[in-house]
Each structure stands twice: as C-alpha cells, then as structure tokens.
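Spelled out from the first residue to the last, the chains are:
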Amino acid sequence: MSDDRPAWARRIAAERSARDWSQRDAVRALRAHSKDELPADDSLIRQWKRWETGQIPNEFYRPLIAAVFGTVTHALFPAPARRDGDKEILAASGMETLEIVSRLNRSDVDAATLDALRITTDRLCSEYPFMPSEQLLIEGRAWLRRVVDLHSKSLTLSQHREVLAMSGWLALLVGCVEYDTGDRHAAESTRRAALSLATEADHAEVAGWAHEMRAWFALTTGDYRGVIAASQAGTEVATHQGVAVQLAAQEAKAWARLGDRRRVEVALDRGRNLLEGMPHPENLDNHFVVDPAKFDFYAMDCYRLVGEDKLAGTLAEEVLRAGTDFDGTERSPMRNAEARVTLGVTAARDGDLERALIMGERALEGNRQSVPSLIMTSRELAAEVRRRYASEPAAQDYLTHLRDLGQTAPGFLPQ
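Residues numbered from 1 in each chain as written. Predicted model: local features only at pLDDT ≥ 70, side-chain atom pairs only at ≥ 80, totals over all residues. Heavy atoms only, no water.

A few points about the pattern of salt bridges
Stage number 1. Inspection of every chain in the model, using the stated rule, returns 33 salt bridges.
Stage number 2. Notably, a salt bridge pairs Arg118 with Glu162, separated by 2.4 Å at the nearest N-O pair. Of this pair, Arg118 sits in helix α8 (residues 111–126) while Glu162 sits in helix α10 (residues 157–180), and the two are 44 residues apart along the sequence.
Stage number 3. Relative accessible area serves as the criterion here: at 23%, Glu162 is assigned to the partly exposed category.
Stage number 4. Ionic pairing is found between Glu178 and Arg141, a salt bridge with its closest N-O pair at 2.8 Å. Taken as a pair, Glu178 in helix α10 and Arg141 in helix α9 (residues 133–149) lie far apart in primary sequence, 37 residues in all.
Stage number 5. Taking relative accessible area as the criterion, Arg141 reaches 34% and is therefore assigned partly exposed.
Stage number 6. Linked through salt bridges whose partners overlap, the residues forming this network are Arg11, Glu15, Arg19, Asp296, Glu318 and Arg321. (Salt bridge = Lys/Arg side-chain N within 4 Å of Asp/Glu carboxyl O. Helix = DSSP H or I, 4+ residues; strand = E, 2+ residues; numbered from the N terminus. Buried < 20%, exposed > 50% of the residue type's maximum accessible area, 1.4 Å probe, protein only.)

Written out as structure tokens, the structure is:
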C-alpha cells in the first residue's frame, strides 16, 4: 500500500497490526461494538480492505471503527480546523487591546467590552501550548488583574457572574503555567482562587477544571489515591461538562500507575463514551477544551504503563502526527514531548538503547515544557534505562541531563 493514504487509513491498519489482528478479527470486533445488524463477514472484510486503502467509511461506520480501537470518532476522522488566528479579537469585537483597556477604566461596562474580554480570555487559553511560559504568565496575570478590577464597577447580576467566570478561567490558566514552571505553591494558591470564583459564580465547568488541576498536581507528585479522589470530586460537580472526560483520563492514569488494568479500561471507556456524545469543539486550541485527538494521548500514557508497548507506540506515533504541521512546526509541543518519551520507553524495553536515548533527549529539547509532567514521564524512561543499561556511558549522560532538568523544579527530581 502506498504512503499517500489518508492518515486515518494508515492508522486503522497500524492499530489492527498492533493488536495482532487479521482483518477478519477486526470485523468481529466491529460487529461486537454494533447494536445493529451488519452485513455478512465476507462483505465486511471487503469493506475493511477498502477502508485500509483509503476509501472513507460512511457516518454509520466511523464511530464503530473508533470504538473498536478505543478512541472517538473525531480523533480518528478529524473535522476541519476552525482556528481564526490572532486577528480574532479585532474581527469579532472591532476592538484592539488598547481600546479594551481604556473601556475597562470607565465606571460601567457595556456588552461589547465583555464580548472583547471573553474573546481575549479564549485567546490566552489558546496560547497555552505555544507561548513561552514567562510571557504567558505576564499576560495572563495582567488580564486577570484587569478582569478582577471589574468587580468594583457597576455591573448587572448576569455581568457579575460572567466576570467571575472569566476571572476563574484566567486564574486556571495562570495556575497551570505556574505549575509548568515548577512553582507548586503559587499554582495551588491560584487553583484555590479559581475554585472559589467558580463556587461564587456557580460555574460547574470552571470548578471541574479546578479539581482536574488538583488531580494533575497529585499525579505528578506520585499521590495516585489523591488523583482518584480529585477526579471523582470534579466529576460530581461537572458530570456533563467536557472536563469530565479529562477527569476520567486522570483517574485512568492513576489506576495505571497503581497497576489496576481493569479500572484503567473502565475509566478510559467512561471518558470515551462521554467524549463521543459531545459536539465537536469550536476552538480546539483552547487548553480547557478536550479535543478528540487528546484522547489518544491519554490512552497512550495508560498503555505505556500497563506494558502494552505495541499499542502505546502506535498511539505515540499518532500523537506526533496529529501534533505536527506539514512543515514540521509542532502544534502540541508538550504532548509531542511525552509521545517521544513513550517511544523511548518502548524502544528501551525492546533492546534499542540508541533509539530510546534519541527519543528521551528529543523530549527534553522543547522550548515550551510542562516541567513536572515531563519529569514524571521521563522518570519512567530513566527507570527502564537504569534497569537495563546502567553501565552504558550514553545512558549515564541521559540520566544526568534529566537530573539537571529536575533542578529547575524542586520537588520533581527523578529518583
């Protein structure tokens, strides 16, 4: 088969191979996931062959194929991107930043100003994967102060709740970046502020993300029972919100690290079913939107931990493909870094030290990093390298590099 097949066609062939399935096995799995009567096996196998060569399945079969491989429809068959770029604020509101700030200095706030602030908040949350941490912290904190200052203005009840919600989103963003840079105490204080704002505004989604941040903090510090508790608390307050998908994923990651394979699958299945039933997000770049492709990233982490190396490696390649533009620009540098760690772990287990170290070093090279998360996953590669190749000089160089990175985030040092 040629390499110019669509990405989804190459992926279903790779996923099938990673499971050691024949096309007949794949058809049996397809039938098991369908509640409707399907054509005979021979007919389905012919269809499957056509799908793997690049003929797009119809809308009936797409969710079934996604379910077969434990993902969601829009991760396997992505919808066109709808990002409007940096001109969105001006195009949508007719205002530049200077005008927004001058309007905020007035005694009352009109609907147009709030619209511009809402778009600004969305833009900042969309810059999370790309903008250097220091710059995003400065901008995020500046806008958070401006929005918080609105509480002293003359606001209607609905405007007051909206300002509280925007303050909550900006606090969540600032807290995430603080944690990325290793400032754990500041991040926790900011997270608590976001939760308080969400409670006052009665905003379930902001509250759910505040609990998700607590789960993330617990995951990267090795408190896996804490991850499960935070995930369940967040699910209680945001059961029908997109964040519930990420909470299920964090719980799955914790169960994977506790070695409970059954509960990993239960949590991943819960998240997948939730995500499959939600409308496709309008802005996939917003950090607080669970885009379908991210589900593969969650599953990759879990399968690496439970030793499903073929599946983990296949998903890691898919994460890299989805997170890289045609010109090599990385759209998701932090996800890509963890995908490279996964490929390093699977290579180490397969006896390929050279590839393991190449992947491990490449993961540490990015300008935009979440240091705690990167150290957490890199620690797993370090453990494999130390266990299998401790006497190799190249392995020692990698372990030293990783230890040096840990110095930038006290409390996250690899063991």
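More follows now that the structure is in view.
A few points about helix α4 (residues 61–68)
Stage number 1. Counting buried residues along α4, six of its eight residues qualify, which places the element largely inside the surrounding structure.
Stage number 2. Considered for burial, the residues of α4 that qualify are Tyr61, Leu64, Ile65, Ala66, Ala67 and Val68.
Stage number 3. Looking at the buried positions of α4, the neighbouring elements they touch are α1 (7–18), α2 (23–32), α3 (41–52), α5 (73–76) and α15 (261–276).
Stage number 4. Backbone geometry just after α4 places Gly70 at a positive phi near 65°. (Contact = heavy atoms within 4.5 Å.)

Observations regarding the layout of surface pockets
Stage number 1. The computed volume of the largest pocket comes to approximately 1,200 Å³.
Stage number 2. For the largest pocket, the lining is made up of 50 residues, of which Leu284, Asp291, Ala293, Ser332 and Arg335 are closest to its centre.
Stage number 3. Elements supplying a minimum of two residues to the lining of the largest pocket: α5, α10, α12 (204–220), α14 (243–257), α16 (292–305), α17 (309–322), α18 (333–349) and α20 (371–389).
Stage number 4. It is α16 that provides the largest number of residues to the lining of the largest pocket, a total of six residues.
Stage number 5. Looking at the lining of the largest pocket, its residues break down into 23 nonpolar, twelve polar and 15 charged.
Stage number 6. Counted as a void, the second largest pocket has a volume near 670 Å³.
Stage number 7. Every residue lining the second largest pocket is counted, 29 residues in all, and those nearest its centre are Trp169, Glu205, Pro281, Phe288 and Val289.
Stage number 8. No other element matches the four residues that α10 contributes to the lining of the second largest pocket. (1 Å grid on protein atoms, 1.4 Å probe; cavity = no way out; pocket = protein on both sides within 12 Å on 5 of 7 lines; lining within 4 Å. Points joined across faces, edges and corners; volume = space filled by probe spheres on them. Nonpolar A, V, L, I, M, F, W, Y, C, P; charged D, E, K, R; others polar.)

Keep in mind these values describe shape, not function.
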